[in-house]
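Structural description and commentary
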Amino acid sequence: MLGCINSKIMFSKLEIKARIIRKLVRWNKWGGSHTENILKGLPSHLRGDKLVKEVLKELEKDEWLFPAKKTDEIHYSLNPKKVAEILQFYEKYCKKSDE
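I will try to describe carefully the structure that is included in this document. (Residues numbered from 1 in each chain as written. Predicted model: local features only at pLDDT ≥ 70, side-chain atom pairs only at ≥ 80, totals over all residues. Heavy atoms only, no water.)

Examining the pattern of salt bridges
Under the convention used in this document: By definition here, a salt bridge exists when the distance from a side-chain nitrogen of Lys or Arg to a carboxyl oxygen of Asp or Glu is within 4 Å. Helix and strand assignments come from DSSP, with helices taken as H or I runs of at least 4 residues and strands as E runs of at least 2, each series counted from the N terminus. Per-residue accessibility, obtained with a 1.4 Å probe over protein chains only, is compared with the maximum for each type, and a residue is labelled buried under 20%, exposed over 50%, and partly exposed between these values.
Within the structure shown, the criterion is met by 3 salt bridges. Between Glu 58 and Lys 13 there is a salt bridge, with its nearest N and O atoms 2.7 Å apart. Of this pair, Glu 58 sits in helix 2 (residues 50–61) while Lys 13 sits in helix 1 (residues 13–26), and the two are 45 residues apart along the sequence. Close ionic contact of Glu 85 with Lys 82 constitutes a salt bridge, the shortest N to O distance being 3.6 Å. Overall, the relative accessible area of 18% leaves Lys 82 in the buried class.

Following this line, the structure appears as structure tokens:
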């Protein structure tokens, strides 16, 4: 559920997770195909936010994301072994906003 504090929109973990998954699925970033600008799809006030870091750690722990240290940034890709789970989440939480 979105909320507002000092004119900044606050996002829930689910909304942040959906934005990240939607971006990676739409860009077809599975397995060895990594992206460095995963955070650029988020509002600027969230890019270094503790909640975003928690969501990324949870996605790594659940083995939905593969991190790869490249240059000075961490790049991410989706785990092709979890395609069914990830696409089920995508269909439920992400696809509506794509239409």
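Some remarks on helix 1
Here is the rule we go by: In this analysis, the expected span of each helix is defined as 1.5 Å times one less than the number of residues it contains.
For helix 1, spanning 14 residues, the distance from its first C-alpha to its last is 20 Å, which sits close to the expected 20 Å at 1.5 Å a residue. Where helix 1 is concerned, the buried positions are Ile 16, Lys 17, Ala 18, Ile 20, Ile 21, Arg 22, Lys 23, Leu 24 and Val 25. Asn 28, located one to two residues past helix 1, shows a positive phi value of around 60 degrees.

Considering the packing of aromatic side chains
Note the threshold: Stacked, edge-to-face and tilted labels apply to pairs of Phe, Tyr and Trp rings (six-membered ring for Trp) whose centres lie within 6.5 Å, assigned for plane angles under 30 degrees, over 60, and everything in between, in that order. To sit over a ring, a charge needs its Lys NZ or Arg CZ within 6 Å of the ring centre and within 35 degrees of the ring normal.
For the structure on display, the rule yields 2 aromatic pairs. Note on Trp 64 and Phe 89: the rings are 5.6 Å apart at their centroids and 70 degrees apart in plane angle, and the pair reads as edge-to-face. Of this pair, Trp 64 sits in the loop between helix 2 and strand 3 (65–70) while Phe 89 sits in helix 3 (residues 83–98), and the two are 25 residues apart along the sequence. Here Phe 89 falls in the buried class, since its relative accessible area comes to 7%. Ring geometry for Phe 89 and Tyr 93: centres 4.8 Å apart, planes at 40 degrees, overall tilted. Separated by 4 residues within a single helix, Phe 89 and Tyr 93 lie in helix 3, roughly one turn from each other. A relative accessible area of 35% places Tyr 93 in the partly exposed class. Taken together, Trp 64, Phe 89 and Tyr 93 form an aromatic cluster joined through their ring pairs. Between Lys 17 and the ring centre of Trp 64, over which it is positioned, the NZ or CZ distance is 4.4 Å. Here the basic side chain of Lys 17 rests over the ring of Phe 89, its NZ or CZ set 4.8 Å away from the ring centre.

Nothing here speaks to function; it is geometry throughout.
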